[in-house]
Amino acid sequence: LFAGEAEFTAAAPALGALPPMEGVEIAFAGRSNVGKSSLVNALTGRNTLARTSHTPGRTQQLNFFRIGGRLMLVDMPGYGYAAVEKAKVEAWTQLIHAYLKGRSNLARVYVLIDSRHGLKSIDTDLLDGLDKAAVSYQIVLTKGDALKKSEIERRIAGIQAALAKRPAAYPEVLLTSSRDDRGVAELRASIARLLQE
Ligand code: GTP
Ligand code: MG
């Protein structure tokens with residue numbers, strides 16, 4: 001699936017500008033700077049497909065990437081970062097929530113969490129919305145290269161406990177790194193399974 005072509009197909013600054021629904025969509029959501037765009041690049045093996053940056057607020061629209069015949073990856077703007085102008089972040093957050101709740105071909109949202117920081121209240125706000133709207137999601141920890149093994153195990157256990165009572169959460173938590181590629185093959189396999197459902 002990921003060995004084939006990946007191409008940028010559309011950027012949507014607002015709900016009214018979404019591309020038509022085709023095939024199965026998978027979205028990457030999370031705080032600004034958590035590593036969403038980097039993970040899209042790691043998944044596709046294309047370092048410059050999605051634009052990344054050291055400073056938060058790089059991705060400002062919903063960016064759609066077609067993979068093979070019937071899969072669309074959606075790289076979203078980040079939410080909740082103080083370094084970005086408040087009004088902008090609020091507008092993005094509204095767009096993110098509205099898109100996530102209203103897209104019928106959205107098979108799963110991968111909610112990215114920085115493995116060093118864990119779940120913050122701004123993240124649980126999103127999870128609350130997804131649970132309420134019954135949109136299936138899975139937690140993906142990013143930047144796993146920056147943590148010791150013992151810290152990783154503790155972090156995963158803590159998040160799994162926090163997910164236990166969330167109806168739309170997929171119970172497995174994936175640990176990834178776009179820097180050393182750990183967990184990337186597992187994430188690809190997880191996405192490929194969604195296409196078979
Ligand atoms: P916004 O578009 O602003 O919301 O950010 P984003 O979530 O798309 O993050 P992006 O992929 O642009 O990466 C943000 C920063 O984190 C960059 O400096 C990346 O180099 C760094 N980064 C991303 N993935 C990893 C990783 O796996 N390990 C480490 N150590 N750094 C990473
Ligand atoms: Mg980005």
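Fair warning: this is a prediction, and the values are worked out from it, not measured in the lab. (Residues numbered from 1 in each chain as written. Chains lettered and ligands numbered in written order. Predicted model: local features only at pLDDT ≥ 70, side-chain atom pairs only at ≥ 80, totals over all residues.)

Asks: Requested: an account of the overall build of the chain, with residues and values cited.
Replies: Check the secondary structure of the chain and you find 5 helices and 7 strands. Whereas a compact globule of 197 residues would reach a radius of gyration of roughly 16 Å, the chain reaches 15 Å, a difference of no more than 12%. With the C-alpha coordinates aligned to their principal axes, the bounding extent of the chain is approximately 45 × 40 × 35 Å. When burial is assessed residue by residue, the chain has 39% of its 197 residues classed as buried. (Helix = DSSP H or I, 4+ residues; strand = E, 2+ residues; numbered from the N terminus. Rg over C-alpha atoms; globule rule 2.2 N^0.38 Å. Buried ≥ 20, exposed ≤ 12 C-beta atoms within 10 Å, placed from the backbone.)

Asks: Kindly report on unusual backbone geometry, identifying the contributing residues and their values.
Replies: Residues other than glycine seldom take positive phi values, yet Asn 33 does so here, at roughly 75°. Position of Asn 33 relative to the elements: it lies in the loop between β2 (24-30) and α1 (36-44). Classification of Asn 33 as buried rests on a count of 22 C-beta atoms within 10 Å. Phi is positive for Lys 143, close to 60°, though the residue is something other than glycine. Positionally, Lys 143 belongs in the loop between β6 (137-142) and α4 (149-163).

Asks: Just give me the short version of the UniProt feature "domain: EngB-type G" (unreviewed entry) in the chain, but keep the residues and values in it.
Replies: The residues that UniProt annotates with the feature "domain: EngB-type G" (unreviewed entry) are residues 22-197. In residues 22-197, the share of helix is 38% and the share of strand is 20%. The end C-alpha atoms are 16 Å apart. (UniProt positions renumbered as here; feature names shortened; annotations may be inferred.)

Asks: Tell me about the site of ligand 1, and name the residues and values.
Replies: Close to ligand 1 lie 24 residues; Gly 35, Ser 38, Thr 52, Thr 59 and Gly 78 are nearest. At 3 residues, the largest contribution of residues to the shell around ligand 1 is made by α1. Counted by class, the shell around ligand 1 contains 4 nonpolar, 15 polar and 5 charged residues. (Near = placed C-beta within 6 Å. Nonpolar A, V, L, I, M, F, W, Y, C, P; charged D, E, K, R; others polar.)

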